[in-house]
Amino acid sequence: MNNEHSFKWDAVYDVIVLGFGGAGATAARFAADSGAKVLLVDSAPEGHEGGNTRYAGQMVGAGTDYEALKKYHENLAAPLQPDKEPFHNLIEGMANMSDYFEKYLGVKPVSMKKLLAGTPSTKYVTEYPELPCADSYDDYLVHNGTSDAALWKLLRQKVLDRSEKITVWYSSPAKHLIQDGASRIVLGAQIERDHVLRNIKANNGVVLAVGGFENNKEMIQTFLQSSYLSPIGSLYNKGDGIKMLEEVNAQLWNMRSFESLGQFHGLSPRQKEGIRSTYALNVFWSEIANGSAIVVGEDGSRYFNEAELNRHGHIYNHGDWVVPLNQNHPYMIFDQEKYEELLNEPDDGLKVPHFLDNIIKANSIADLASAIGKDPEVLSQTISEFNFMAQQGKDYAYHRDPATLRAFSQNGPFYAIALRQNMLNTQGGGRRDGHAQVLDPNGTPIPHLFEAGELGSPFVNKYTTGGNIADCLISGKIAGENAAVAKQDMSRIGTADLNSAPINDNFVASSDEGDQKFKVGPNQYLGYSNQGMGDGVVVRTTLDESGKIADVEILKQTESDDYGSKAVKELPQKMVEQNTYDVDAVSGASETSRAIKEAVKDSLSKAKKK
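As the structure is a computational prediction, the values presented were derived from the model and not from experiment.

Draft legend 1. Region of the structure containing the overall build of the protein. Counting its regular elements, the protein contains 17 helices and 27 strands. Over its C-alpha atoms the protein spans a radius of gyration of 26 Å, differing by no more than 12% from the 25 Å that the globule rule assigns to 610 residues. With the C-alpha coordinates aligned to their principal axes, the bounding extent of the protein is approximately 85 × 75 × 45 Å. A total of 610 residues make up the protein; the buried ones form 58% of that total. Across the protein, the fraction of contacts at a sequence separation of at least 24, relative to all contacts at a separation of at least 6, is 74%. Surface summary for the protein: the accessible area is close to 24,900 Å², and the carbon and sulfur share equals 47%. Looking at the protein, you have 60 positive and 80 negative side-chain charges, and the mean spots of the two groups are 4 Å apart.

Structure below.
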């Protein structure tokens, strides 16, 4: 919104960073290290900040050979052309990622390629091994582990370590950018805090790092031609950045580019809207498409090769790899033999938790088609054609591996599971220059406005693992440092109001779980764990007179609301019943289970010392 020179500022900072995910945390940290007083805000409540970085696999795209990495990523973008300056920054940053890890994260990188050497999963690191210079690409980890929020927790801690320079506001969504109408300078942002709109001034710059529009149905329809896609990551990425960019007449780019992930071409069991998808963290669940099982679209016909490993939702399409146009009501169809295979398959971490929970059963294909809203003739014909190709040992339609083909049985029952395509993240946002400045439609920087992360990232076509996290670290640093630089153009505004407002201390807030106090009574002991997907777990364990576990209370946790909450509810009771912290983890919530078990173990260790 444009400044009318009539309102007063509620608070003043040097830099405002909108979005406390990987990019925002990085931007805030480097702005603070450059001497700026920073306000970092997020729409999520405390413990649920982190954006998609929190839920990502924690892999960071990297390498050592700039020219080879450049050629590989040029081929990933082909036939499209990435913007020169942001693209150069990305490749340069990846080529120097080892130094970044050691200098700025304080850890030596762990190479995914070395960890997976000799296994079929090695291909997933490069994802496009057939492209020139694919071997130059690697993924770095901050430790020997994935999908455990380890990188996110490290980035978050870098912010908390700078609490004297960085103020954090949770549950405080940014609503508008405040722009001077004459000079076009972005003066600050309007932020809703405690249900009140606050006008916050930024002396030097505003960094947009609020992520994409994965949870905005209207934008998904407008830009991606789908009615709804099931989010894998944060539920708080609602396209707010796109709206703010449009308000200041920014140039948008890469709005059609998005990534998926999951089984088949990025599908998971259909859930209600607004719930995170329950896809398996490991996408190598090959048994799901082995045998008498297919996936059908709107009319009951097949529409892709079910056995092909997708590449972040991209599947092979006449010489290229693309995310297929979403089917609104896809279903997996299978027979009794396949049902028994899935039912008896061991839980080795590869399969989707509770995949068979909402199964539909019918005695005939015609009855099954009616039950799931498909054309009975089309579905019956699809099954007949599939059976013929299985007998021939050749999938004439989509060239599925003959070893995965098995004809459906002639007799029922038959089964169906409703699926929905997943949304990993969108790439679209404001067009950036090499300084992470947002450009207007003429290619001119909008003064004092910067951007980092998945909002406006430089990926235009095919995508490979770790790319977005790498961009968060790279563009976040560039945006934060440039936003912190003192600007000389504020004199153009010519209004005393805009420079005289002091910081209102009533609005300054910070958070640190260390400030919280938890009481203990007789035979009660506190325990803590920094594991899990959230910001730590605090438990209080009560022992009876004989030393057995009488109660386990979880006093603080910020785990995910899906399977994480299930572990929070179930594990304490199991520990009391079995009189040990070492109980079986809850399926689908291994990281949360590990955190609770470690916290209870910590509490019991204190009991032994007494």
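Anyway, onward from the coordinates.
Draft legend 2. Here's a closer look at the packing of helix H1 (residues 22-33) against helix H14 (residues 467-484). Between H1 and H14, whose axes approach to 7 Å, the crossing angle comes to 40°. Classified by the angle their axes make, H1 and H14 are oblique. Handedness of the H1/H14 crossing: right-handed. Residue-level contacts link Gly22, Ala23, Thr26, Ala27, Phe30 and Ala31 of H1 to Cys472, Leu473, Gly476, Lys477, Gly480, Glu481 and Ala484 of H14.

Draft legend 3. Region of interest: the sheet that holds strand S27 (residues 549-556). Pairing is antiparallel in the open sheet, where 3 strands are placed in the order S25-S26-S27. Looking at which strands have only one partner, the edges of the open sheet turn out to be strand S25 (524-529) and S27. On average, each strand axis in the sheet is tilted by 25° relative to the strand beside it, whichever way the strands run. Inspection of the sheet shows strand S26 (residues 537-543) paired to S27 by 6 bridges, in the antiparallel sense. Across the sheet, Thr541 pairs through a bridge with Val552, a residue of S27. Running at roughly 140° to S25, helix H17 (residues 590-609) makes contact with S25, S26 and S27 of the sheet.

Draft legend 4. Region of the structure containing the sheet that holds strand S6 (residues 138-141). As summarised here, the arrangement of the 3 strands in space is S4-S6-S5, forming an open sheet in which the pairing is antiparallel. Unpaired on one side and paired on the other, strand S4 (60-62) and strand S5 (110-111) mark the two borders of the sheet. Both S5 and S6 contribute to a ladder of 2 bridges, which runs antiparallel. If you follow Val110 over to S6, its bridge partner there is Leu141.

Draft legend 5. Summary view of unusual backbone geometry. The step from Ala78 to Pro79 runs through a cis peptide bond, and the omega angle for that step is 5°. Tracing the backbone shows Pro79 in the loop between helix H3 (66-77) and helix H4 (84-95). Cis peptide bonds are those with omega within 30 degrees of zero, and the linkage from Gly412 to Pro413 qualifies with 5°. Within the element layout of this structure, Pro413 appears in the loop between helix H13 (376-392) and strand S20 (414-423). Phi at Asn254 takes a positive value of approximately 55°, unusual for a residue other than glycine. Judged by its relative accessible area of 16%, Asn254 falls in the buried class.

Draft legend 6. Representation of the pattern of salt bridges in the model. Here the structure, examined in full by the defined rule, presents 24 salt bridges. With a closest N to O distance of 2.8 Å, Glu74 and Lys70 form a salt bridge. Here the residue Glu74 and the residue Lys70 both occupy positions in helix H3, the gap between them amounting to 4 residues, near one helical turn. The network of salt bridges with common partners includes Arg302, Glu306, Asp395 and Arg400.

Draft legend 7. Quick peek at the side chain of Ser226. If you trace the backbone, Ser226 turns up in the loop between helix H9 (217-224) and strand S11 (230-231). Leave out the neighbours within four places in its chain, and Ser226 touches Ile220, Gln221 and Asn326.

Draft legend 8. Structural view of the nonpolar core. Of all hydrophobic cores here, the largest spans 60 residues; its most connected members are Val15, Val38, Met97 and Val207. Counting residues per element, this core draws most heavily on H14, at 9 residues. The contacts of Met97, once residues within four sequence positions are left out, are Val60, Gly61, Ala62, Tyr140, Ala470, Leu473 and Ile474. Counting 35 residues, the second-largest nonpolar core is a separate cluster that includes Trp169, Val206, Phe213 and Ala250.

Draft legend 9. View of the packing of aromatic side chains. According to the stated counting rule, one finds 16 aromatic pairs in the structure shown. Seen from their ring centres, Tyr339 and Tyr415 are 4.5 Å apart, and the 15° between their planes marks the pair as stacked. Here Tyr339 is found in helix H11 (residues 336-344), whereas its partner Tyr415 is found in strand S20, with 76 residues between them in sequence. Take Tyr415: its relative accessible area is 3%, and that puts it in the buried class. Measuring from centroid to centroid gives 5.1 Å for Phe459 and Tyr463, while their planes differ by 85°, and the two rings are edge-to-face. Here Phe459 matches Tyr463 in class, with each residue buried. Members of the aromatic cluster, each reached through a chain of ring pairs, are Phe20, Trp152 and Tyr170. Sitting over the ring of Trp321, Arg311 keeps its end group 3.7 Å from the ring centre. Taking NZ or CZ as reference, Lys477 lies 5.3 Å from the ring centre of Phe30, over its face.

So, how was this worked out
Residues numbered from 1 in each chain as written. Predicted model: local features only at pLDDT ≥ 70, side-chain atom pairs only at ≥ 80, totals over all residues. Heavy atoms only, no water. Helix = DSSP H or I, 4+ residues; strand = E, 2+ residues; numbered from the N terminus. Rg over C-alpha atoms; globule rule 2.2 N^0.38 Å. Buried < 20%, exposed > 50% of the residue type's maximum accessible area, 1.4 Å probe, protein only. Contact = heavy atoms within 4.5 Å. Areas by Shrake-Rupley, 256 points an atom, 1.4 Å probe, with all protein chains shown as cover. Lys, Arg positive; Asp, Glu negative; His and termini not counted. Charge placed at Lys NZ, Arg CZ, Asp CG, Glu CD. Axes fitted to C-alpha atoms, helices over the stretch in contact; angles between N-to-C directions. Parallel < 35°, antiparallel > 145°, perpendicular 65-115°, else oblique. Left-handed = near helix turned anticlockwise from the far one by under 90°. Pairing = 2+ DSSP bridges. Salt bridge = Lys/Arg side-chain N within 4 Å of Asp/Glu carboxyl O. Core = buried A, V, L, I, M, F, W, Y, C linked by side-chain atoms within 4.5 Å. Phe/Tyr/Trp six-rings, centres within 6.5 Å; stacked < 30°, edge-to-face > 60°. Lys NZ or Arg CZ within 6 Å of the ring centre and 35° of its normal.

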